[in-house]
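# Working through the structure, step by step
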Amino acid sequence: MSGRLTPSAKAALVIGGSVLGATVLLALLAPWIAPHDPFLQNLDQRLAPPFWAEGSLSGHPLGTDQLGRDYLSRLLYGARISLLIGAVTVILSGMIGVGLGMAGGYAGGWLDDAVMIVVTCRLSIPLILVALTVVALTGTSLVVVMLTLGLLLWERFAVVARTTTMQVRHREFIEAARLCGASLPHILLREVLPNILPHLVVVMTLELAIAILLEAALSFLGLGVPPPLPSWGLMIAEARDQMFFMPWVITIPGVALFTLVLAINILGDGLRDLVAGGHAR
Amino acid sequence: MSVLAVQDLRVGFRDGTLAVRGISLDLGHGETLGLVGESGCGKSVTSLAVMGLLARGAARTAAGIRLAGEDIARASERRMAQLRGDRIAMIFQEPMTSLNPAYTVGDQLSEVYRRHRGAGRLQARDRAADLLARVGIANPGLRLAQYPHELSGGLRQRVMIAMALMCEPDVLIADEPTTALDVTVQAQILRLLQDLQKETGLAILLITHDLGVVARMADRVSVMYAGEIVESGTAEALFGRPMHPYTRGLLDSIPVPGKLRPGDQLKAIPGTVPRITAAFRGCGFRDRCGLADRGCEDTIMPREEGPQHRYLCRLSSELQGQAS
Amino acid sequence: MTALIDEAGPAVSVRGLRRDFVRGGGLLSTHATVRAVDGVSFDVSHGEVLGIVGESGSGKSTLARLITGLLRPTAGDVRIAGRSLAEADRRQRARLIQQVFQDPYSSLNPTQRVRDIVALPLVAQGDVPREERARRVSEMLALVGLDPAVGERYPGQMSGGQRQRVAIARALVLKPRIVVCDEPTSALDVSVQAQILNLLQALRRELNLTLVFISHNLAVVEHIATHVAVMYLGRIVEAAPTAELFGSPRHPYTAALLQSVLTPEPGKGIPRIPLGEGFPDPAAIPPGCRFHPRCPSALPACADASPPLRVDAGHLVECILAPETASREATSQVHAGLGP
């Protein structure tokens, strides 16, 4: 399969994959590699600049925030939050979307119509307004953010799972499996799912990036992760007041967010080419 | 005099596979030449190479491709576009893929005539209606206004033939023209091609895997295997006295009514077609041949069995001995 | 398992089978009913090979799926070895009847290894231990002429002929007595077609299989079938023992089909087929005899009334022109035509 890939697709897989992999690794190892406790305030050392600027403090390579917390440590722990929310959202929305999509695509008929109506309804729900309402009712928490995003971001999974299932459903190996006496769960999980999985992986990268961006946006608006958790969106929000005097406080989490989302999208492009190449054979 | 003469045509792909390895064809006015072989033998690549329609990544060389006296082996793409559809036309297995679903049959037929002959709209319409009638379509006026998807498979193939004949070409390349059709329709379409050929003196290069079709249609037959013509001759000679083990194998592997008793085994050819690269020497069929020995790994010289009947096998006289 | 098989009666018994498909029927379009199979009855005895021939639109593939239970009939009944297919659960059905599909590139799941593909019917039974599954898969692969080591491969790594052998191994691993083959060689090259036909013949003898063999290739059907049924627009218009049908066809459509066969005999030319440019469209079935618009010898009466069913010593024809030599009363006699 890889022999058919264009050099640019190969580069996309390598670059996107290694940046995402490195971020995951850093996030997992944060408790051991972070120089400080990300929650530890030190009001004597507030808003210290990063190492390349004049007046930087040793021990705080990326400086400190307005409460004197180590910015590198907060960035590393923030990666955990971003990836955790992204992963949980993708798993939750993936299960909902793939379940609905495969059910509609395989069964057809009224069930398929019902699935399409549910998808259409979901598309008419304004995400930010729902988040606002939920927060107003329950208050902010990590779990609320993950549930809100997970329960709302499944429509792409549903649409892709539905169309790819419809394509696979009419292949003769599905009929052969039915004649072999295979049960419905077996047919869906062993015969259909492996054949649509490559397409779902592409959607997964897309949704991961979207979930991470939305978490940042919600946190920035104060609807997401509650302080003092070190979320990148929250870090950007907290840095708003200082951005004209100390631009790094907003640039550092901004660049981190941009790089991670870009890497995931590049990886997704590479995976898409890989899937297309696999089907061309 | 030949209207299409191909000399030493070779086609290679980027991955090193040689699809066509030095084949020569000669097609006379009003003649049908059958090119037979199984999938992967290079017969369709041959036709695309002659038409100058090979995909990117395929390289063609030829000592000469002469169409009605003009050498088109080195013709420009512009010149080839003029010739295609005018002097040399092609029909394919699945007419739906070569008809544009967005235009009516009449538009598509007229377009060919207007492009190549500069004819006016009405003149082209008349010509289209005339040709639909000539290919045995009962109500040409109705069909001209219809879209391809409104026609049955047999009608579509008739429309394709009409389109191919709009400019009265010298040569028609028919690549598996009836493979997608039902048997009764197949016979009707082949009959039509024969009748049109008698009327116009069209030369037909008929490419097929179906030995029955080629036996009934072709004046001369070339059998392709692994990019080479392994045997060629008149239809009578080739089917009456097949010399190459592959030709014999093909003929023995199809059930023919009255030839076998119920329950008899067919003679299958074991194995599969090898992948041929530049380093390959000798007979391409030797791995599947019951007669082959070490000598078949050397370059095989062509032999003759009567006038125009040539084959590429050094052992087949023994084969004939065994059979009789 | 053996209790499922009724040795005395027919292996396959089909009565009054009908299947409608509904096309369209959205908010703005009207329903169109397509009757793909319309009143088909026949029996196949144990050990026989029933060839079903017909052109596209004849309903032969729909019939195959009705016989295997992939489709439910709109009306009528299929009994396999005396058991109604409608009453069998999926495991019983899998032990009774299996199918070999047309396209071995599509009938094998590309994401699974060959050994898992062949083992699927055993896994689905739910009570076959792992070691026995592995043993029976190896046995089956050897039986269809494959090296059991190919079990580790994926379908994408095999040739068309090898894949069709895998599909046959999968169909036979539960030792069903009846196998439906729907155009099993039409996606294959002629030399490979011969290998597969020989294999089916050999397996049929060895395992005493009953085959329902569907094909558009009359030469292939003549070679492999003991009895032949000709379908046109959803009905069996003629059925007889193979030699009888090919030797003296009685329906004008059968005659035209046989005329259309092109044997590799140079000099015989292309036959003139007197069928016109019409084609069978299951969405618009003509009244009366459904073949009459294309029939070269149609009478005015053919457009009005359905043709009578005529039976003569196991040869049944639905045509007004067929010689009226035998009674046309009991349907049981009709079925005896294809029965023992």
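Residues numbered from 1 in each chain as written. Chains lettered and ligands numbered in written order. Predicted model: local features only at pLDDT ≥ 70, side-chain atom pairs only at ≥ 80, totals over all residues. Heavy atoms only, no water.

### Quick notes on the overall build of chain C
Short version of the rule: Runs of H or I in DSSP of at least four residues are treated as helices and runs of E of at least two as strands, each being numbered from the N terminus. Atoms counted for the radius of gyration: C-alpha only. Globule rule: 2.2 Å times residue count to the power 0.38. When accessible area is computed with a 1.4 Å probe and restricted to protein chains, residues below 20% of their type maximum are described as buried, those above 50% as exposed, and intermediate ones as partly exposed. Two residues qualify as a contact provided that any one of their heavy atoms is within 4.5 Å of a heavy atom in the partner residue. Shrake-Rupley sampling with a 1.4 Å probe provides the accessible areas, and residues are treated as covered by the protein chains on show and by no other component. Charged residues are defined here as Lys and Arg on the positive side and Asp and Glu on the negative side; His and the ends of the chain fall outside this count. Here the site of a charge means NZ on Lys, CZ on Arg, CG on Asp, or CD on Glu.
Of regular secondary structure, chain C possesses 10 helices and 12 strands. Here the C-alpha radius of gyration of chain C, 21 Å, is about what a compact globule of 340 residues would show, namely 20 Å. C-alpha extents for chain C along the principal axes are approximately 65 × 50 × 50 Å. For chain C, the proportion of its 340 residues judged to be buried stands at 57%. Across chain C, every contact between residues at least 6 apart in sequence was considered, and the portion connecting residues at least 24 apart equals 65%. Roughly 13,300 Å² of accessible area belongs to chain C as shown, and the carbon and sulfur atoms make up 51% of that amount. Charge centroids of chain C, computed over 36 positive and 33 negative side chains, lie 5 Å from each other.

### Comments concerning the overall build of chain A
Along chain A, the regular secondary structure elements total 11 helices and zero strands. Helices (α) and strands (β) of chain A occur, in sequence order from the N terminus, as α-α-α-α-α-α-α-α-α-α-α. C-alpha extents for chain A along the principal axes are approximately 75 × 50 × 30 Å. Counting the 281 residues in chain A, one finds 48% classified as buried. Restricting to contacts in chain A with at least 6 residues of sequence separation, those with at least 24 account for 74%. Surface exposure of chain A reaches about 13,200 Å², of which carbon and sulfur atoms provide 71%. Taking the average location of the 16 positive side-chain charges in chain A and that of its 17 negative ones, the two points are 8 Å from each other.

### Brief notes about the sheet that holds strand 12 (residues 315-318) of chain C
Residue and element names in this part refer to chain C. What counts is decided by this rule: Whether two strands pair comes down to DSSP finding at least two bridges between them. Lines are fitted to the C-alpha atoms to define the axes, a helix being fitted only along its stretch in contact, and any angle between axes, read from their N-to-C directions, falls within 0 to 180 degrees.
Strand order in the open sheet formed by eight strands is 6-7-8-3-9-10-12-11, and the pairing between neighbours is mixed. The open sheet is flanked by strand 6 (97-100) and strand 11 (309-312), the only strands paired with a single partner. Recorded for the sheet is a direction-independent mean angle of 20 degrees between the axes of neighbouring strands. Direction of pairing for strand 3 (residues 49-53) relative to strand 9 (residues 227-232): parallel, over a ladder of four bridges. Note on strand 9: the bridge partner recorded for Ile-52 is Ala-229.

### Brief notes about helix 3 (residues 71-107) of chain A
The periodicity of an α-helix, 3.6 residues per turn, causes residues three or four places apart in sequence to face the same way. Rules: The span one expects for a helix is its residue count, reduced by one, times 1.5 Å.
Taking 1.5 Å of rise per residue, the 37 residues of helix 3 of chain A would be expected to cover 54 Å, and the 52 Å separating its terminal C-alpha atoms lies within 8% of that figure. Looking one or two residues beyond helix 3 of chain A, the residue adopting positive phi is Gly-108 of chain A, at roughly 65 degrees.

### So, helix 8 (residues 172-179) of chain A
All names here are of chain A. In terms of burial, helix 8 is largely enclosed, as seven of its eight residues are buried. Among the residues making up helix 8, those that are buried are Glu-172, Phe-173, Ile-174, Glu-175, Ala-176, Ala-177 and Leu-179. Of the residues one or two after helix 8, Gly-181 is the one with positive phi, at around 90 degrees.

### Notes on the side chain of Gln-186 of chain B
Our working definition: Polar contact is the term for a pair of N or O atoms within 3.5 Å; when the atoms are in protein, one must be able to donate a hydrogen and the other to accept it, and sequence-neighboring residues count only if both atoms are side-chain atoms.
Looking at the element boundaries, Gln-186 of chain B is found in helix 8 (residues 183-200). Engagement of the side chain of Gln-186 of chain B in a polar contact is seen with the side chain of Thr-178 of chain B, the distance being 3.0 Å. Excluding anything up to four places from it in sequence, Gln-186 of chain B contacts Thr-178, Leu-181, Asp-210 and Val-213 of chain B together with Leu-262 of chain C.

### Considering the pattern of salt bridges
The condition is simple: Salt bridges are identified by distance alone: a Lys or Arg side-chain nitrogen within 4 Å of an Asp or Glu carboxyl oxygen.
Enumeration over the complete set of coordinates arrives at 39 salt bridges over all chains. One salt bridge in this structure joins Arg-10 of chain B and Asp-8 of chain B, with 3.2 Å as the shortest N-O distance. Residue classification places Asp-8 of chain B among the partly exposed positions, given a relative accessible area of 32%. For Arg-35 of chain C, the salt bridge is made with Asp-20 of chain C, and the minimal N-O distance between the two is 2.8 Å. Placement of Arg-35 of chain C in strand 2 (residues 31-44) and of Asp-20 of chain C in strand 1 (residues 12-24) is noted, with a sequence separation of 15 residues between them. Under the relative-accessibility criterion, Arg-35 of chain C is labelled partly exposed at 28%. According to the relative accessible area criterion, Asp-20 of chain C is buried, its value standing at 15%. Each of Asp-86, Arg-87, Arg-117 and Asp-170 of chain B takes part in one network of salt bridges that share partners.

### So, the environment of Val-137 of chain C
All names here are of chain C. Inspection of the secondary structure puts Val-137 in helix 4 (residues 130-143). When the C-alpha positions of Val-137 and Glu-183 are compared, they lie 25 Å apart, and in sequence the two are 46 residues distant. Not counting the four nearest positions on each side in its chain, Val-137 is found in contact with Arg-115, Val-118, Ala-119 and Leu-122.

### Quick notes on the packing of helix 3 (residues 114-125) of chain C against helix 4 of chain C
Residues and elements named next belong to chain C. Convention followed: In this scheme the crossing of two helices becomes right-handed for a clockwise turn of the near helix relative to the far one and left-handed for an anticlockwise turn of less than a right angle. Polarity classes work like this: nonpolar for Ala, Val, Leu, Ile, Met, Phe, Trp, Tyr, Cys and Pro, charged for Asp, Glu, Lys and Arg, and polar for all others, with Gly in that last group.
Two elements in contact, helix 3 and helix 4, have axes separated by 9 Å at closest approach and are oriented at 115 degrees. Considering how the two elements wind past one another, helix 3 and helix 4 form a crossing that is right-handed. Residues Val-114, Arg-115, Val-118, Ala-119, Leu-122 and Val-123 of helix 3 lie in contact with helix 4, whose contacting residues are Arg-133, Arg-136, Val-137, Met-140 and Leu-141. Here the contact of helix 3 with helix 4 is composed, by residue class, of eight nonpolar, no polar and three charged.

### So, the arrangement of the chains
Here the protein chains form two pairs of chains in contact, of which the pair with the most contacts is chains B and C. The two units chain A and chain B remain apart, with a minimum C-alpha distance of 11 Å.

### Thoughts on the interface of chain C and chain A
Which entries qualify depends on this criterion: In short, buried area is how much 1.4 Å probe accessible area vanishes from two parts on joining, totalled over both.
Opposite the 24 residues of chain C that make contact, chain A presents 17 residues. Both sides of the chain C and chain A interface together cover about 1,900 Å² of buried area, and 52% of this is carbon and sulfur. At the boundary of chain C with chain A, the tally comes to one salt bridge. In this structure, the salt-bridge partner of Arg-65 of chain C is Glu-175 of chain A, at a minimum N-O distance of 2.6 Å. Looking at the side of chain C that touches chain A, the elements that each hand over two or more residues are helix 1 (60-68), helix 2 (90-96), strand 6 and helix 3 of chain C.

### Concerning the packing of aromatic side chains
Which entries qualify depends on this criterion: Paired rings are identified among Phe, Tyr and Trp, the last through its six-membered ring, by centres lying within 6.5 Å, and are further divided according to the angle between planes into stacked (under 30 degrees), edge-to-face (over 60) and tilted (the rest).
For the structure on display, the rule yields six aromatic pairs over all chains. On the numbers, 5.2 Å between centres and 85 degrees between planes, the contact of Tyr-225 of chain B with Phe-285 of chain B is edge-to-face. A residue pair is termed long-range when its members are at least 10 positions apart, and Tyr-225 of chain B in strand 10 (residues 220-225) and Phe-285 of chain B in the loop between helix 11 (245-253) and strand 12 (303-304) qualify at 60 residues. We note that Tyr-225 of chain B, like Phe-285 of chain B, is buried. Ring centres 5.0 Å apart and planes at 80 degrees place the aromatic pair Tyr-232 of chain C and Phe-291 of chain C in the edge-to-face group. Of this pair, Tyr-232 of chain C sits in strand 9 while Phe-291 of chain C is found in the loop between helix 9 (252-260) and strand 11, placing the two residues 59 residues apart along the sequence. Three or more aromatic residues joined by ring pairs make a cluster, and in this case those are Tyr-225, Tyr-246 and Phe-285 of chain B.

### Overview of unusual backbone geometry
Residue and element names in this part refer to chain B. Despite not being glycine, Asp-8 shows a phi value in the positive range, around 50 degrees. With respect to the helices and strands, Asp-8 occurs in strand 1 (residues 2-13). Positive phi is not limited to glycine here, since Gln-308 has a value of about 70 degrees. Looking at the secondary structure, you find Gln-308 in the loop between strand 12 and strand 13 (310-311).

### Considerations on the sheet that holds strand 10 of chain B
Residue and element names in this part refer to chain B. Pairing is mixed in the open sheet, where eight strands are placed in the order 7-8-9-3-10-11-13-12. The two strands at the open ends of the sheet, each matched to only one other strand, are strand 7 (88-91) and strand 12. Across five bridges, the pairing between strand 3 (residues 32-36) and strand 9 (residues 203-208) is parallel. Paired with Val-36 across the bridge in strand 9 is Thr-208. Against the sheet, helix 1 (residues 43-51) engages strand 3, strand 7, strand 8 (171-175), strand 9 and strand 10, with an angle of about 145 degrees to strand 7.

### Brief notes about the interface of chain B and chain C
By a widely used convention, the size of an interface equals the accessible area lost when the partners come together. With 47 residues of chain B at the contact, the number on the chain C side is 41 residues. For the pair chain B and chain C, the summed buried surface comes to about 3,700 Å²; carbon and sulfur atoms form 56% of the total. Inspection of the chain B/chain C interface yields 11 residue pairs in polar contact (both at pLDDT 80 or more). Among the elements of the structure, helix 8, helix 9 (211-217), helix 10 (235-240) and helix 11 of chain B are those that each provide at least two residues to the side of chain B that touches chain C. For the side of chain B that touches chain C, the class distribution of residues is 24 nonpolar, 13 polar and 10 charged.

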